[in-house]
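Notes for the structure review
Now for the letters of each chain:
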Amino acid sequence: MKRPVIVDSHITAKQSPERPYQQERELMRSLRTRISQSADLRVFSLGLIWSILGTVAVRLTPMITTILISHWFGIESVGRFGVTYSTLVSATFLASTGVNLMATRNIAAYAATDPGTAGRLAGMALLLVAGASALIALAIFLFSDAIAGRLLKQPELAFYLKVISPIVVVSALNNVQVAILNGLQQFKTIARLNMIMGGLMIASVPIGLYFHGLTGSFAALGCAYLAGSLITAPAMLRTLKARGIPLAFRGALSQWPMITRYAIPALLASLLYEPVSWICTTIVVGNPDGLQQVGLYFIAMQLETLLLFAPQIVVQVTIPMLSTGFGEHNRRRVLNVLGMGIGTNIVIAIGFVVVMMLFGDWFLLLFKLDPAQHWPIFMIVVFASAMIAGALPLGQVPVSSGYMWTGLSITAGWAATFIIGTWFLQDHGAYGMIIARAIAWGLQTLVYIGFTRFAIGRTRSVSLPQPA
């Protein structure tokens, strides 16, 4: 027999009016969460679309140039272009990458809450990149003979190194200005600027190559970067003014703790990351038929660039969003952004793997390569690129969560694996470099997965702030 339930009328009368209010609060909390997720999705989607439109032209320029060089001058000239262009890219990243990451991450975090600090951070970023790029460019110009003759064992490259030395400055300055705009989540503005600069590159570099060979191509590239930097500066200043952020150079170095906490480890990471390909190139280029192997490797990296250009844009969009989520200690937002980034990149990776399986021969023929001979190398690149695409959003977690030194350690492990692998596999030329690179990325992906779980576990989930 069931016992009757005795209800205290006093308690019932006291609690029953609260139940509708409790349900209303839960409904409002759920609504705020959905609005937050929708806002994140909107920012992510629009940023991704605009960034893709703006980046495609810039990323296509080296590939178009490589195709033309392979047809007009041969694979050894591709090797010369690849070594010189890699030197330019490595020097530019060395001068700007650490500061760029610091600027993007911290300007995104302070733009709304402390405009004065954001303005000083922007000023410090510009000063540091200008000084660092000028010193690096001067060093390349003065020591070009030693770099070409002793390190690269290709003395004829000394002249091209002198040609690219001033390009380092304008390229680095353009990058840091874009990083400031990226921190302000001005994806549409960045896209328009990139489309202009990409159009200039595509129009001028082939013309310079046709009339003056490699020298003309690098000169045209430098002019395009200079024009891009001059166009980006007013756009950056307008955006800072519109957001109420005063660009300040006086007192900018008062933000030096940001350098020691973010920029220095990011700079060291760029020292380990970007020049690694250049170091591995110097290991291989001195061997018999070294220039041909470096040319083949450079073409393979053009394929990787083509396959990863959209996933890397996804990463550019997620960095400021992740920084905001970690800054708010909002676990839900961090998970949403990571989910959108990884999911988008996996879909992209599946797409390009299918396309390359069906039409990969055509890509090899564009560069006058034999599909029967070179197909295995490029398949390794395709599947490695798919793995990298999925791991790229995770790679931004150390930066966005403030664990810069941990990120540096992870990158150091990748660099060591790549260099050691290339050293032991150098007799296999481009094939050995590509295998070593794939192994390094595979190990780094596993580490990123473990660290991401750790970082998210330390981020508490909080509700959105109540309106005042």
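For clarity, every value in this text was computed on a predicted model and none was experimentally measured.

The next thing to look at is the pattern of salt bridges. Evaluation of the coordinates by the stated rule reveals three salt bridges. The shortest N-O distance in the salt bridge between E156 and R80 comes to 3.7 Å. A residue pair is termed long-range when its members are at least 10 positions apart, and E156 in the loop between α5 (144-151) and α6 (158-183) and R80 in helix α3 (residues 75-110) qualify at 76 residues. Owing to a relative accessible area of 36%, E156 belongs among the partly exposed residues under this scheme. The shortest N-O distance in the salt bridge between D145 and K162 comes to 3.6 Å. Taken together, the positions of D145 in helix α5 and K162 in helix α6 put the pair 17 residues apart, joining distant regions of the chain. Of the residues examined, D145 reaches a relative accessible area of 52% and is grouped as exposed.

A few words on the confidence of the model for the protein chain. Confidence in the prediction of the protein chain, expressed as mean pLDDT, is 80, and 80% of residues score 70 or more. Across residues 1-18, confidence stays below pLDDT 50; counting only partners more than four residues off in sequence or on other chains, it has one contact. Note that residues 462-468 has pLDDT below 50 and, in this model, eight contacts with residues that lie over four places away or in other chains.

Applying the stated criterion to the full structure yields 16 aromatic pairs. Their ring planes at 50° and their centres at 6.5 Å tell us that Y160 and F218 sit as a pair that is tilted. With Y160 in helix α6 and F218 in helix α7 (residues 187-242), this pair connects stretches of sequence that are 58 residues apart. Residue class for Y160 comes out buried when judged on its relative accessible area of 16%. Residue F218 is classed as buried on the basis of its relative accessible area of 0%. Taking 5.5 Å as the distance between ring centres and 80° as the angle between the ring planes, the aromatic pair formed by Y403 and F451 counts as edge-to-face. Of this pair, Y403 sits in the loop between α12 (397-401) and α13 (404-424) while F451 sits in helix α14 (residues 430-457), placing them 48 residues apart in sequence. Residue Y403 is classed as partly exposed on the basis of its relative accessible area of 26%. Feature note: the residues F81, Y85, F159, Y160, F218 and F298 constitute an aromatic cluster, connected by ring pairs.

What counts as what
- Residues numbered from 1 in each chain as written.
- Predicted model: local features only at pLDDT ≥ 70, side-chain atom pairs only at ≥ 80, totals over all residues.
- Heavy atoms only, no water.
- Salt bridge = Lys/Arg side-chain N within 4 Å of Asp/Glu carboxyl O.
- Helix = DSSP H or I, 4+ residues; strand = E, 2+ residues; numbered from the N terminus.
- Buried < 20%, exposed > 50% of the residue type's maximum accessible area, 1.4 Å probe, protein only.
- pLDDT = per-residue confidence, 0-100.
- Contact = heavy atoms within 4.5 Å.
- Phe/Tyr/Trp six-rings, centres within 6.5 Å; stacked < 30°, edge-to-face > 60°.

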